[in-house]
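Okay, here's what each chain looks like letter by letter:
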Amino acid sequence: MATNRTYTMIKPDAVAAGNTGAIIKMIEEAGFRIVAMKMTQMTPDIAGKFYEVHKERPFYADLCSYMSSGPIVPMILEKENAVEDFRKLIGATNPADAAPGTVRKLFAKSIEANAIHGSDSDENAAIEGAFFFSSVEQN
Ligand code: UDP
Ligand code: MG
């Protein structure tokens, strides 16, 4: 059953570039309610756990090193049809393929440093949200 929630994190490139506020504004203007949010930094080991599904992919080691290279802003978001609508708002993984006006088209630097994460299913949204937040931190 759809939970109407998704998990996102603003990635180190976008935080370092000072785009956190602009991205949060886009998220709110698109109708998402912020249920939980913080700033934190992953260790390489924690990034490795978060991205465990990708551990056989050639980009895994680089991705874990990049994702632990600076602060990130994890959030749980709520909206009807949250997972699908949020993937539309952020655009394709590779900013070169992302539609005009999407977060990645506007802010991503490369296919790796692509500004923002968005869960790909309701099941993963729940798993990923719980990875960063306990239920008492969710409003
Ligand atoms: N990634 C990468 N190289 C690739 C594909 C993906 O560095 O060829 C990184 C990128 O940061 C991406 C993350 O790995 O956001 C997870 O990949 P996935 O295929 O799940 O893309 P997403 O769901 O984030 O669009
Ligand atoms: Mg993904």
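Above this note sits the structure.
Residues numbered from 1 in each chain as written. Chains lettered and ligands numbered in written order. Predicted model: local features only at pLDDT ≥ 70, side-chain atom pairs only at ≥ 80, totals over all residues. Heavy atoms only, no water.

### With respect to the overall build of the protein chain
Rules: Segments assigned H or I by DSSP are reported as helices when at least four residues long, segments assigned E as strands when at least two residues long, and all are numbered from the N terminus. In this treatment the radius of gyration is a C-alpha quantity, and the globule benchmark scales as 2.2 Å times the residue count to the 0.38 power. Relative accessibility decides the category of a residue: with a 1.4 Å probe and only protein chains considered, values under 20% of the type maximum give buried, values over 50% give exposed, and everything between is partly exposed. Contacts: residue pairs with any heavy atoms within 4.5 Å of one another. Computed with a 1.4 Å probe, the accessible areas rest on the Shrake-Rupley method; for each residue, only the protein chains presented here act as cover.
A tally of helices and strands in the protein chain yields seven helices and four strands. Helices (α) and strands (β) of the protein chain occur, in sequence order from the N terminus, as β-α-α-β-α-α-β-α-α-β-α. The C-alpha radius of gyration computed for the protein chain amounts to 14 Å, which stays within 12% of the reference 14 Å derived for 139 residues, consistent with globular compactness. The principal-axis extent of the C-alpha atoms belonging to the protein chain is close to 35 × 35 × 25 Å. Per-residue burial for the protein chain yields a buried fraction of 45% across its 139 residues. Sequence separation of 24 or more characterises 79% of the internal contacts of the protein chain that already satisfy a separation of 6 or more. Accessible surface computed for the protein chain: about 7200 Å², of which carbon and sulfur atoms make up 54%.

### Describing the layout of surface pockets
What counts here: In this analysis, the protein atoms alone were mapped onto a 1 Å grid. Cavities are point sets where a 1.4 Å probe fits without being able to get out; pockets are open sets with protein on both sides within 12 Å along at least five of seven lines; lining residues have an atom within 4 Å of a point. Grid points are joined across faces, edges and corners, and a volume is the space filled by probe spheres set on the points. Gly is put with the polar residues, along with every residue not named as nonpolar or charged; the nonpolar set is Ala, Val, Leu, Ile, Met, Phe, Trp, Tyr, Cys and Pro, and the charged set is Asp, Glu, Lys and Arg.
Estimated volume of the largest pocket: approximately 620 Å³. Forming the boundary of the largest pocket are 25 residues, of which Tyr 51, His 54, Phe 59, Leu 63 and His 117 lie nearest the centre. Looking at the lining of the largest pocket, the elements that each hand over two or more residues are α3 (44-50), β4 (116-118) and α7 (122-132). Ranked by residue count, the leading element in the lining of the largest pocket is α7, at four residues. Classifying every residue of the lining of the largest pocket by side-chain character gives nine nonpolar, seven polar and nine charged.

### Description of the packing of aromatic side chains
The cut-off we apply is this: Each Phe, Tyr or Trp ring, with Trp reduced to its six-membered ring, pairs with another whose centre is within 6.5 Å; inter-plane angles below 30 degrees give stacked pairs, above 60 give edge-to-face pairs, and intermediate values give tilted ones.
Scanning the model with the defined rule gives seven aromatic pairs in all. Summarising the aromatic geometry, the rings of Tyr 7 and Phe 50 are spaced 5.9 Å apart at their centres and angled 50° between planes, so their arrangement reads as tilted. Of the two residues, Tyr 7 sits in strand β1 (residues 5-10) while Phe 50 sits in helix α3, which places them 43 residues apart along the sequence. Of the two residues examined, Tyr 7 and Phe 50, each falls in the buried class.

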